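For reference, the chains in residue letters:
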Amino acid sequence: MDIVGIGKVIFWAGGSLWIGRAFAAAEPHVHHAIQIAIAMSGRVQFRTSLADPWDEYHAAFIPPDVTHTFRAPGQLVANMLCAPESAVGRGLVARYGAQAIRALEPADVADDARALLAAFEDDKPDEDLEQLALDTLYALSGGAPVARIDGRIARAIDFIAARLAEPLTLDHVARQVGLSPGRFRHLFVQETGISFRAYLLWTRLNRALELGFGGASWTDAAHATNFADSAHLSRTTRRMYGLAATSIRQDITPAARPLTA
């Protein structure tokens, strides 16, 4: 299998950082996360259709649930993803919108790009890279008015996160937060921008990737998150990230680390 990128993939609650050197383009894909892409060398390129020309960016904001393709051949890149229903995610959508890919001002990300690149090349711990990514996301979302997510949906999200290995149903989760299935279905989409079923699959996928990149076998990662098998997990990863998880080689040596999201 061709290697799409080499670097690090770091997950935290509600987000992730994909940092390293990109090789091949990702396949067209759509994911629920907001994506902030920063070129730490060269440019990153995006398009929303195979028929469209590539657009180049120093840095870009990709809204949730927008089909896109990414490439930055040979370049060092940092892709930060965060949940749009989180406080920082809501701030980013309030500032940049939810309809189209937007260019970010180079001055708004230059310091963050330098800090991420230095930490990556100096082999800093994952916790340091995570904090720098979070600092970047919060800085970009600053100043935008943020509405709080409905408490019942927040409780549902916590309930889902704690039970990803279980065959959860909408009716079951609705009962846990004291709502009828119909009301819960409507409120969930209103608050998160995605259906319950699609959100559950997205959340399971990210936990599976966290386990797999953390050293678990892909079969064990699939079973721990209620995927039928590793092939099911692989198909879902391609659809939502545009690549196979095994096409990213994790963190070899700083000099050779040649990523994408």
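The numbering scheme is per chain: residues are counted from 1 as the chain's sequence reads. Two thresholds apply to this predicted model, a pLDDT of at least 70 for residue-level local features and 80 or more for giving and counting side-chain atom pairs, whereas whole-chain, interface and lining totals are computed over all residues. With hydrogens and water set aside, each side-chain value is computed from the structure's full complement of heavy atoms.

Engineer: Just give me the short version of the layout of surface pockets, but keep the residues and values in it.
Structural biologist: Only protein atoms enter the 1 Å grid used here. Points where a 1.4 Å probe fits but cannot escape make up a cavity, open sets with protein on both sides within 12 Å along at least five of seven lines make up a pocket, and a residue lines them when an atom lies within 4 Å of a point. Grid points are joined across faces, edges and corners, and a volume is the space filled by probe spheres set on the points. Reported here for the largest pocket is a volume of approximately 800 Å³. Every residue lining the largest pocket is counted, 31 residues in all, and those nearest its centre are Trp12, Ala13, Gly14, Gly15 and Ala83. Only DSSP runs of H or I reaching four residues or more are called helices, and only runs of E reaching two or more are called strands; each is numbered from the N terminus. When residues of the lining of the largest pocket are traced back to their parent elements, those giving at least two are strand S1 (5-12), strand S2 (15-22), strand S8 (76-82), helix H1 (87-96), helix H3 (126-141), helix H4 (151-161) and helix H7 (196-213). All amino acids are sorted into three groups, where Ala, Val, Leu, Ile, Met, Phe, Trp, Tyr, Cys and Pro are nonpolar, Asp, Glu, Lys and Arg are charged, and the leftover types, Gly among them, are polar. Broken down by class, the residue content of the lining of the largest pocket amounts to 20 nonpolar, seven polar and four charged.

Engineer: Describe in detail helix H9 (residues 230-241), supporting the description with residues and values.
Structural biologist: Between the first and last C-alpha of H9 there are 16 Å, a value that for twelve residues agrees with the 16 Å anticipated at 1.5 Å per step. A simple rule labels every residue: compare its accessible area, found with a 1.4 Å probe on the protein chains alone, to the largest value its type can have, and call it buried under 20%, exposed over 50%, or partly exposed in between. Buried residues of H9: Leu233, Thr236, Thr237, Met240 and Tyr241, and no others. Across the axial projection of H9, the buried residues extend over an arc of 105°, all falling on one side. Next to the buried residues of H9 lie S2, S8, H7 and helix H8 (218-224). Under the rule applied, a polar contact is a pair of N or O atoms within 3.5 Å (in protein, one hydrogen donor and one hydrogen acceptor; residues adjacent in sequence only if both atoms are side-chain atoms). Taking the backbone nitrogen of alanine 231 as reference, a side-chain oxygen 3.2 Å away marks aspartate 229 as the first, capping residue of H9. Given the number of residues in a helix, its expected span is that number minus one, multiplied by 1.5 Å. The arc in question is formed by the directions pointing from the helix axis toward the C-beta atoms. Any two residues whose heavy atoms approach within 4.5 Å are treated as being in contact.

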